[in-house]
Amino acid sequence: MDVSGLLDGLNDAQREAVSASPENQLILAGAGSGKTRVLVHRIAWLIQVENVAPHAILAVTFTNKAAREMRNRLEEKLGGAARHLWVGTFHNLAHRLLKQHWRDANLPEQFQILDSDDQLRLIKRVMKNLEIDEGRWPAKQTQWYIGGQKDEGRRASYLQRTGDLHTDTLIKIYTAYEEACQRGGLVDFGELLLRSHELWLNKPELLAHYQQRFRFLLVDEFQDTNTIQYAWLRVLAGGQSYITAVGDDDQSIYGWRGAQIENIQRFTQHFPNVHTVRLEQNYRSTATILKAANAVIDNNRGRMGKELWTDSVEGDLISVFAAFNEQEEARFIVDRISAWVESGGLRRDCALLYRSNAQSRALEEALLQRGLPYVVYGGQKFYDRLEIRNALAYLRLIWNRHDDPAFERVINTPTRAIGERTVEDIRAYARERDCSLWQAADELTQTGRMTARASNAVRSFISLINRLDVETREEPLHKIADHAITASGLLDFHRNEKGEKGLSRVENLQELVGACKAFEPEDSEEPVLGQFLATTALDAGDAQAEPDSDSVQLMTLHSAKGLEFPLVFITGVEENLFPHKMSMDEPGQLEEERRLCYVGITRAEKKLYITYAESRRLHGSDAFNMPSRFIREIPSDLLEEVRPRTKVTRPVYHSRGDHSQPATHPSLRQKETSDGEFRLGQRVFHPIFGEGIILNVEGNGPRTRVQINFDTDGTKWLMLSHANIGAA
DNA sequence: AAGATAGTCGTTTTT
DNA sequence: CGACTATCTT
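The model shown is predicted, which means the values in this text are computed figures rather than measured ones.

Trainee: Can you walk me through the state of the cysteines in this structure?
Mentor: Throughout this description, disulfide means a covalent bond between two cysteine sulfur atoms. Applying the stated criterion to the full structure yields zero disulfides. The cysteine C181 is free of any disulfide, with C435 supplying the nearest cysteine sulfur at 17 Å.

In structure tokens:
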């Protein structure tokens, strides 16, 4: 077989990783070092050169997106053989196992995946039953606690009572929650992993089967694995299979979610004869940007050691802009983007990154004002929207009547005169009889223990679901969905809603039908509806599908991981914000912030801006933050300070009046240009272009350039020394 | 059962 | 400040 192509165009380290003989591998893959390519080629190599059967290979990723991308690229490379590979997220694969061995896993055949929203509702209900005060044990925190314990592989039964009321109460809730889940056949995200891990431990013959089968495990983003995922892998590998761990300790930014950076750090100790390869050549960024990234991350201790390099050009200096406040920061950014676009750049090549979501507002306002299209990433996901969740709840009930969370959600949505009283009665009955809400409702209406009015309403709901089921049994998925949202009245309910909201909800519901139409079931044996519901639970869908729109991209630094953009702005680079003040007490957390900064810097291909504001409106009051320490960690010869103001004065067009001076704030500003002739916002006159307003000043001395928005001729950059500009 | 109103809280979020 | 919630009001 001709395999030469598999190594073509790879650098030495990449070749080494791809063509190694079967062994445990640790591939430390720096940002932009061609990691996915190496993974895909490695798999192809195993199949085509080492003659490994495709079905003996398991590739694990964290996100559905990454799994999809890997699968696509494998199909490209391998064609039909790729079908026999198992490629998926941890949760996906765990779900697959549990579905296949539901009996051994002690689950009902139609068990439901509980997403975090349903999980929270269930926890609330459990707490109510236990009469635990939500004030002292907020449900959100309890959810966090339970999730955290499961991530650590700890069941409630394993946890010891401590004598501390707070902890003991949490354990009590956890116990009751576990029981409620088991009773209802509900499996949350953490449970998928925990349960499948236990499945293997409890059924050695089953484990042996999978150990036999999967000889090669390849794991992407290894630095993000948590305790249970790591245990899962170790058990599966079992000493007979080879693991390829791909990751980058410097990009571990999910420690707060349970990810154990130690997993990658200690990998070589836990697995025998690990061959480590470092992918350090970066194909993404300019040398300047890489030097900055390296310098910043060098401040972290205990790194595994890796330094990115490139043979590409030095590139532009990194521009640092000190804004007066967040609005000026936003205006500056928007100016630069406008300039970029005017010189032929694409909007979608610009990314605005920030530490926390709240920062997007000021940026959005400025973009809106300038008429620049933009998208904000990481908002609510498609399947998380209220109307979609409601529609899915109908589908879930059609699929499985005993899905309590779904029942609760739509028993009275749209309203059909079933009040809280009635629902509470149903709950009480279900609790008493230890049955599902559906069964409780059904029995209650038949035993006459309800008022006639309530009984009728509930009956009509029950028959609605039954009817939907019967009438659509032979129909394709999208017909079921269409029928469900129509017959349930959900569509009309939102249609009658006033304003934009209702309109977009109706559109979303129609889009759901569209998604059903486009849905491709993985398994032709299984009912499509069940497969679709599992998919919606495990993959919330991308925020909004506007794939080809040319829009400026706004997102948090976290969601930028894995992406790249020619032009990047890292905004709000201030102490207390980035690093965030909640992360500054512990060195470990500060280091994670620094890794986040490293991730941010390495997103940029050509040009990087770092901006901060001396004053920022946050939670209703003004915060005066110092520039972030991370800026100081970049060698100053890589930086260029942009000083649009010729004087440290507040811009004239901005006066709030609640504080007079940003004060002598220690900042990066070292020098101030002497000629205070022109200020931002000042009206000026030009002999050719007429009158306009100064938007920006850059540079100083004879090279000073000003950007002026002329009343009639638009925005232009002019050399101050050439243009004959005067005060208007 | 929808709408108004007062109170609260404020990183990051792959599944 | 403003988004979200819980509670009260009609």
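On we go.
Trainee: Hey, could you run me through the sheet that holds strand β2 (residues 57–61) in this one?
Mentor: Within a sheet, neighbouring strands are paired by backbone hydrogen bonds and run either parallel or antiparallel to one another. Pairing is parallel across the open sheet formed by six strands, whose spatial order is β3-β2-β6-β7-β1-β8. Across the chains shown, the open sheet's two edge strands, defined by having one partner strand only, are β3 (86–89) and β8 (275–279). Looking at each pair of strands side by side, their axes are set apart by 15° on average, direction ignored. Pairing of β2 with strand β6 (residues 216–219) involves four bridges; the strand directions are parallel. Its bridge partner lying in β6, A59 is registered against L218.

Trainee: When you look at the protein's contact with DNA strand B in this model, what are you seeing that I'm missing?
Mentor: Taken together, 27 residues surround DNA strand B, and among them R257, R355, N357, T415 and T556 come closest. Take the atoms of DNA strand B that sit within 4 Å of the protein: sugar and phosphate atoms are 51% of them. Measuring from a base oxygen of DNA strand B, one finds a side-chain N or O atom of R257 at 2.6 Å. Within the side chain of H580, an N or O atom sits 3.2 Å from a sugar or linking oxygen of DNA strand B. In the surface near DNA strand B, the residues fall into seven nonpolar, 15 polar and five charged.

Trainee: Please explain helix α26 (residues 587–601) as it appears in this structure.
Mentor: One turn of an α-helix holds 3.6 residues; hence residues three or four places apart share an orientation. Taking 1.5 Å per residue as the helical rise, α26 with its 15 residues ought to reach 21 Å, and the 21 Å between its terminal C-alpha atoms agrees with that figure. Most of α26 is tucked away, with 12 of its 15 residues classed as buried. Burial in α26 covers these residues: L590, E591, E592, E593, R594, R595, L596, C597, Y598, V599, G600 and I601.

Trainee: Teacher, can you tell me more about the pairing of strand β1 (residues 25–29) here?
Mentor: Two faces belong to every sheet, and in a regular strand the side chains alternate between them. Most of β1 sits inside the fold, with five of its five residues counted as buried. The side-chain alternation of β1 yields two buried faces, one formed by Q25, I27 and A29 and the other by L26 and L28. Where β1 meets β8, five bridges bridge the pair, whose relative direction is parallel. Bridge pairing in β8 places A29 opposite L279. Sheet topology note: the β1/strand β7 (residues 242–247) ladder contains four bridges and is parallel. Residue L26 lies in a different strand from β7, and its bridge partner there is A245.

Calculation rules
- Residues numbered from 1 in each chain as written.
- Chains lettered and ligands numbered in written order.
- Predicted model: local features only at pLDDT ≥ 70, side-chain atom pairs only at ≥ 80, totals over all residues.
- Heavy atoms only, no water.
- Disulfide = S-S within 2.5 Å.
- Pairing = 2+ DSSP bridges.
- Helix = DSSP H or I, 4+ residues; strand = E, 2+ residues; numbered from the N terminus.
- Axes fitted to C-alpha atoms, helices over the stretch in contact; angles between N-to-C directions.
- Near = heavy atom within 4 Å.
- Polar contact = N/O pair within 3.5 Å; in protein donor to acceptor, adjacent residues only side chain to side chain.
- Nonpolar A, V, L, I, M, F, W, Y, C, P; charged D, E, K, R; others polar.
- Expected span 1.5 Å × (residues − 1).
- Buried < 20%, exposed > 50% of the residue type's maximum accessible area, 1.4 Å probe, protein only.

Functional significance is not addressed by these values, which are geometric in nature.
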